[in-house]
Amino acid sequence: MLLEILFVLIGYIVGCLQSAYIVGRLFGKIDIRDHGSGNAGMTNVTRVMGFKAGAVVLVMDMAKAVAAVMLANFVFHGRIYGMEGIEYLPGLLTGLGVVLGHNFPFYLKFRGGKGIASSIGVALMFDLRILAIAFGIALVVLIVVRYMSLASLVGLLTFGIVTTIFFNEMPIIIIAWIIAALAFFTHRANIVRLVKGEESKFNFKKSPRSSP
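None of these values were measured; they are calculated from a predicted model. (Residues numbered from 1 in each chain as written. Predicted model: local features only at pLDDT ≥ 70, side-chain atom pairs only at ≥ 80, totals over all residues. Heavy atoms only, no water.)

S.K.: Got a sec to walk through the layout of surface pockets? Specific residues and values, please.
M.R.: Counted as a void, the largest pocket has a volume near 980 Å³. Among the elements that take part in the lining of the largest pocket, helix α8 (residues 148–166) stands out by supplying 7 residues, more than any other. Size it by volume and the second largest pocket reaches roughly 350 Å³. Lining of the second largest pocket is provided by 17 residues; of these, N39, G112, K114, T186 and R188 occupy positions nearest its centre. Contributions of two or more residues to the lining of the second largest pocket are made by α9 (170–186) and α10 (188–196). A per-element tally of the lining of the second largest pocket places α10 first, with 4 residues. (1 Å grid on protein atoms, 1.4 Å probe; cavity = no way out; pocket = protein on both sides within 12 Å on 5 of 7 lines; lining within 4 Å. Points joined across faces, edges and corners; volume = space filled by probe spheres on them. Helix = DSSP H or I, 4+ residues; strand = E, 2+ residues; numbered from the N terminus.)

As structure tokens, this is what we get:
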């Protein structure tokens with residue numbers, strides 16, 4: 001149990017590298033949490049600062065998850081891909097820690113992002129089949145309804161379902177569903193707005209806002 005906690009803790013430390021906050025401070029001289037939706041994530045950075053800044057945040061958030069999982073896989077199995085069954089556990093636990101660190105960074109009073117890009121990074125290092133299915137379905141939802149929040153939730157829900165179908169190891173299934181549950185928790189305000197019909201749609205051609 002102590003080793004499992006260590007995996008999560010290492011991932012948490014890596015996840016605390018809060019990309020949206022750093023990009024906002026360096027390139028916009030702002031605290032992104034005081035602008036737009038108030039979320040320190042790729043979608044809000046895109047809306048406030050533009051697509052280039054949003055793309056940087058997306059890559060950084062995915063990269064930190066990929067790097068952490070890759071390191072765990074290599075240290076404990078001597079390889080990055082090709083694990084079987086329960087061998088995925090160190091990498092997944094580390095990835096879960098990254099998502100937790102991204103969502104709840106201690107030095108920002110636990111006000112971080114929503115963990116979608118980091119979750120994609122975890123899925124990328126976990127199982128490409130599951131990532132392709134979840135991402136494909138989420139992309140269709142985004143194109144059809146243009147709600148980034150709904151597309152993200154559908155994608156993470158698909159991640160949990162498909163992992164349950166593909167894997168028999170209960171620890172792996174539990175971690176997949178915890179990652180999915182974290183997405184629903186961080187999107188709870190979005191869910192309320194979706195139900196009320198007040199959620200903002202994602203505009204693929206929108207320019208950055210000049211004010212919060």
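S.K.: I'd like a description of the side chain of Q18, backed by residues and values.
M.R.: Mapped onto the elements of the fold, Q18 is located in the loop between α1 (2–15) and α2 (19–28). With relative accessibility at 0%, the residue Q18 sits in the buried group. Of note is the side chain of Q18, whose polar atom sits 3.2 Å from the backbone nitrogen of A20. Apart from residues no more than four positions distant in its own chain, Q18 is found in contact with A40, K64, H102, P105, Y107, L108, G112 and G113. (Buried < 20%, exposed > 50% of the residue type's maximum accessible area, 1.4 Å probe, protein only. Polar contact = N/O pair within 3.5 Å; in protein donor to acceptor, adjacent residues only side chain to side chain. Contact = heavy atoms within 4.5 Å.)

S.K.: Could you give an account of helix α3 (residues 42–49), with specific residues and numbers?
M.R.: In an α-helix, one turn spans 3.6 residues, which is why side chains three or four residues apart end up on the same side. Counted residue by residue, α3 has 7 buried out of 8 residues, so it is predominantly covered. Within α3, the full set of buried residues consists of T43, N44, V45, T46, R47, V48 and M49. Immediately beyond the C-terminal end of α3, within one or two residues, lies G50, with a positive phi of roughly 105 degrees.

S.K.: With reference to specific residues and values, describe empty space enclosed by the protein.
M.R.: Counted under the stated rule, the structure contains 1 cavity of 30 Å³ or more. Taken as a whole, the largest cavity holds about 30 Å³ of empty space. Considering the residues around the largest cavity, the lining is formed by V69, N73, M83, Y88, G91, L92, V122, M125 and F126. Mapped onto the lining of the largest cavity, the elements with two or more residues apiece are α4 (51–77), α5 (89–103) and α6 (116–126). Of all the elements, α6 adds the most residues to the lining of the largest cavity, at 3 residues. The residue makeup of the lining of the largest cavity, split by class, is 7 nonpolar, 2 polar and no charged. (Nonpolar A, V, L, I, M, F, W, Y, C, P; charged D, E, K, R; others polar.)

S.K.: Help me get a handle on the environment of L71, residues and values and all.
M.R.: Position of L71 relative to the elements: it lies in helix α4. Judged by relative accessible area, which is 52%, L71 ranks as exposed. Along the backbone, L71 and P90 are 19 residues apart, and their C-alpha atoms lie at a distance of 9.7 Å.

S.K.: Quick one: what's the story with a nonpolar patch on the surface, residue by residue and with numbers?
M.R.: Taken together, L3, L6, L9, I10, I13, L71, F74, V75 and F76 make up a surface patch of nonpolar side chains, about 870 Å² in accessible area. For the nonpolar patch, the secondary-structure elements that each account for two or more residues are α1 and α4. In terms of residue count, α1 provides more of the nonpolar patch than any other element does, 5 residues in total. For L9, the location among the structural elements is in helix α1. (Patch = residues over 30% accessible without salt bridge, like charges linked within 9 Å, V, L, I, M, F, W, Y side chains within 5 Å. Areas by Shrake-Rupley, 256 points an atom, 1.4 Å probe, with all protein chains shown as cover. Salt bridge = Lys/Arg side-chain N within 4 Å of Asp/Glu carboxyl O.)

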